[in-house]
Amino acid sequence: MSLGRTYSVALVGLNGYMVEVEADIGQSLPAFIILGLPDASLNEARERIRSAAKNSGIPLSRRKITANLIPASLPKRGSGFDLAVTMAALRAANDIRPTGRTVFIAELGLDGRLRPVRGILPAVMACVQAGYPQVVVAQANQAEASLVPGAQVTGYRTLARLALDFGADPQELALDFEPDDADVDQPGAEGSAPCPDMADVSGQGEARRALEVAAAGAHHLLLTGPPGAGKTMLAERLPGLLPDLEDHESMQVTAIHSLCGLPSPQVQLIRRPPFENPHHSATAAAIIGGGSGLPRPGAASRAHRGVLFLDEAPEYERRVLDALRQPLESGELVIHRSAGTAAYPARFQLVLAANPCPCGKASGKGLECTCTPIMRRRYMALMSGPLLDRVDIQLQVDRVSLADFGQAGAEEGTAAVAGRVKAARLRQLDRLRPFGLDTNSQVSGRVLRGELRLKPQVTRILDHSLERGVLTARGYDRVLRLAWTLADLADRDLPDADHIGQALGLRQAAAVAA
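A quick note: this is a predicted structure, and the numbers were derived from the prediction, not measured.

1. Details of the environment of tyrosine 344
Inspection of the secondary structure puts tyrosine 344 in strand S16 (residues 340-345). Given a relative accessible area of 2%, tyrosine 344 falls into the buried group. For the pair tyrosine 344 and valine 334, spaced 10 residues apart in the sequence, the C-alpha separation amounts to 6.5 Å. Once you skip the residues sitting within four places of it in the chain, tyrosine 344 turns out to touch Gly13, Leu14, Leu259, Pro295, Arg296, Pro297, Ser301, Glu332, Leu333 and Ile335.

This is the structure we're talking about:
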């Protein structure tokens, strides 16, 4: 036998593609060649594989070994192919029995240890979908890989133990080597930190109401106000108001975090909506995604089904903010690079926080602003009009009064507000299920003006705002979505004129205050 065959997975974004790994042993001088568009880390696997096999007691053939990764036109990157190439080479030398349709995904250490790789969850998902349920991974990846329904996952610590189970001669294997637990990457306990409680927010009744509406309908939110008004405090409490993720959402979010390698191999699905808060110095690649080679997910994708909070929003680069306009509409980020194209889900709630001017005192009661009117306009203009037009709720947040500050702890807590949000979400789901939608923020203008069309007397004030140019057509639809959410929170079947007025006020509050 001079030809061995195994299987592995190549990830392009969150999509996995089955890769057939062939190994041939020739009659020429010693060499090790890997074909099939390998990247630098995969080319380096030749030395890792030789050392790992030798230290495991099953050295590779000293003749020429050619490994071919099929399809050859698909770029292969990362160290996750180490184990598949090794097993194919051992099979080609007849050192092990045929591996069948088993998929191998792991990195090799020089001493023969199997080390975990990131992205194991989407890789195993691709295996199951392609009809290859039997997967071998490093033991540190086993818990995460086993999260995929239908996967038959086996975890190993060393190459020697794996080779033994596939028929290698136990007389030659280095089975006495068993790495200590401290030497093996162990999955960390997956425990999400408790969300801050809404009861900590003193006063700010209008802002608390806006936060509840945003959570109920998955609406985007802009908070404008002076420093210390509580904008960041409010934004940090939004994830606690959101309901737990459904099974398919949880699997998708966990797959993204697995691909990012954050913070450690997952031992259970992520059930709580994520919260991303990048610094305003973050680059476009850090927020949108990118990097060298095939693009990797950024903060916007890590916030999928959760909250992306941009504090001090005018301090971000203009092109970074404008790059968010496309995923706000489509819920997906498609990143094109010379090495390839990757698509990542990015259906997040955007929360922007901004001071009203460079000094931050323009709207503060009793505060003297030192900025000129043109300085204030230029500062707020750093957030483009097309971006703000996509933000449903735009609210002015004033500083807390002494009377409100003295009643700290008397406010309604997160649990009570989250209960109303959950009930509103269920009402939306029942109404929008025929359209394949989950929340009011996803409803298209065609549906709002079609099956969900309201009576003219209800939308009169909204129609007048559109005629006067106060609202764009997109803004018109977003006010309607807000009105439906307000009706859901009030347990009403249809929005009335009062709900339309409240929704219009929530969208224009910041502009009016400015």
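After that view, the rundown keeps rolling.
2. Considerations on the packing of helix H7 (residues 205-217) against helix H21 (residues 473-489)
Viewed as axis vectors pointing N to C, H7 and H21 meet at an angle of 100 degrees, and their least axial separation amounts to 9 Å. In terms of axis orientation, H7 runs roughly perpendicular to H21. Counting all contacts with H7, which are made through Arg209, Glu212, Val213, Ala216 and Gly217, the residues of H21 involved are Leu482, Thr485, Leu486 and Leu489. Partitioning the contact of H7 with H21 into residue classes produces 5 nonpolar, 2 polar and 2 charged.

3. With respect to the packing of aromatic side chains
For the structure shown, the criterion picks out 3 aromatic pairs. With 6.2 Å between their ring centres and 25 degrees between their planes, phenylalanine 275 and phenylalanine 309 make a pair best called stacked. Highlighted residues: phenylalanine 275 in strand S11 (residues 275-276) and phenylalanine 309 in strand S14 (residues 307-310), separated in sequence by 34 residues. Under the relative-accessibility criterion, phenylalanine 309 is labelled buried at 0%. Taking NZ or CZ as reference, arginine 101 lies 4.0 Å from the ring centre of tyrosine 132, over its face.

4. Examining helix H18 (residues 414-432)
Across its 19 residues, H18 extends 26 Å between first and last C-alpha, which sits within 8% of the 27 Å expected from 1.5 Å per residue. Those residues of H18 not exposed but buried are Thr414, Val417, Ala418, Val421, Ala424, Arg425, Gln428, Arg431 and Leu432. Looking straight down H18, one finds its buried side chains confined to an arc of 140 degrees; they lie on one side. The outward face of H18, more than 90 degrees from its buried face, is lined by the exposed residues Ala415, Lys422 and Asp430. Packed against the buried residues of H18 are H7, helix H9 (238-241), strand S17 (349-354) and H21.

5. What to know about the sheet that holds S11
A sheet is described by the order of its strands in space; here 5 strands give the open sequence S11-S14-S17-S10-S18, paired in parallel fashion. Each end of this open sheet is capped by a strand with a single partner; those strands are S11 and strand S18 (393-396). Two elements, strand S10 (residues 221-224) and S17, share 4 bridges in a ladder whose sense is parallel. Along S17, the bridge assignment pairs leucine 222 with leucine 352. Each of S10, S17 and S18 touches H7; the most contacted strand, S18, lies at about 165 degrees to it.

6. Side note on the nonpolar core
In terms of nonpolar packing, the biggest core is built from 49 residues, with Ile393 and Leu462 touching the most fellow members. Setting aside residues up to four positions removed in sequence, leucine 462 forms contacts with Leu471, Tyr476, Val479, Leu480, Ile500 and Leu504. In this structure, Ala23, Ala53, Phe104 and Leu162 belong to the second largest nonpolar core, which totals 44 residues.

7. Comments concerning the pattern of salt bridges
All chains considered together, the criterion is met by 29 salt bridges. For the salt bridge of aspartate 244 with arginine 272, the shortest nitrogen-to-oxygen distance reads 2.5 Å. With aspartate 244 in the loop between H9 and helix H10 (247-260) and arginine 272 in the loop between H10 and S11, the pair connects residues that are 28 residues apart, well separated along the chain. With a relative accessible area of 47%, aspartate 244 lands in the partly exposed category. In this structure, the salt-bridge partner of glutamate 412 is arginine 420, at a minimum N-O distance of 2.7 Å. Exposure remark for glutamate 412: the relative accessible area of 34% places this residue in the partly exposed category.

The rules behind each value
The written sequence of each chain sets the order in which its residues are numbered from 1. Local features are withheld for residues below a pLDDT of 70 in this predicted model, meaning they are given only at 70 or higher, and side-chain atom pairs are given and counted only at 80 or more; totals for whole chains, interfaces and linings count all residues. Here the side-chain values reflect all heavy atoms present in the structure, with hydrogen atoms and water set aside. Numbering of helices and strands runs from the N terminus; a helix is a DSSP stretch of H or I covering at least four residues, while a strand is a stretch of E covering at least two. For the exposure calls, accessible area comes from a 1.4 Å probe over protein chains only, and a residue counts as buried if that area is under 20% of its type's maximum, exposed if over 50%, partly exposed in between. Two residues form a contact once any of their heavy atoms are found within 4.5 Å. Simply put, an axis is a line fit to the C-alpha atoms, just over the touching stretch for a helix, and the angle between two N-to-C directions goes from 0 to 180 degrees. Geometric relationships in this document are graded by angle, where less than 35 degrees denotes roughly parallel, more than 145 denotes roughly antiparallel, 65 to 115 denotes roughly perpendicular, and other angles denote oblique. The residue classification treats Ala, Val, Leu, Ile, Met, Phe, Trp, Tyr, Cys and Pro as nonpolar and Asp, Glu, Lys and Arg as charged. All others, Gly included, are polar. Stacked, tilted and edge-to-face are the three classes applied to pairs of Phe, Tyr and Trp rings, where Trp contributes its six-membered ring and a pair requires centres within 6.5 Å; stacked means planes under 30 degrees apart, edge-to-face means over 60, and tilted covers the rest. By definition, being over a ring means that NZ of Lys or CZ of Arg is both within 6 Å of the ring centre and within 35 degrees of the ring normal. Helix span, as expected, comes to 1.5 Å for every residue beyond the first. It is the directions from the helix axis to the C-beta atoms whose arc is reported. What makes two strands pair is DSSP finding at least two bridges between them. Nonpolar core, defined: a set of buried Ala, Val, Leu, Ile, Met, Phe, Trp, Tyr and Cys residues in which side-chain atoms within 4.5 Å join the residues together. A pairing counts as a salt bridge when a side-chain nitrogen of Lys or Arg comes within 4 Å of a carboxyl oxygen of Asp or Glu.

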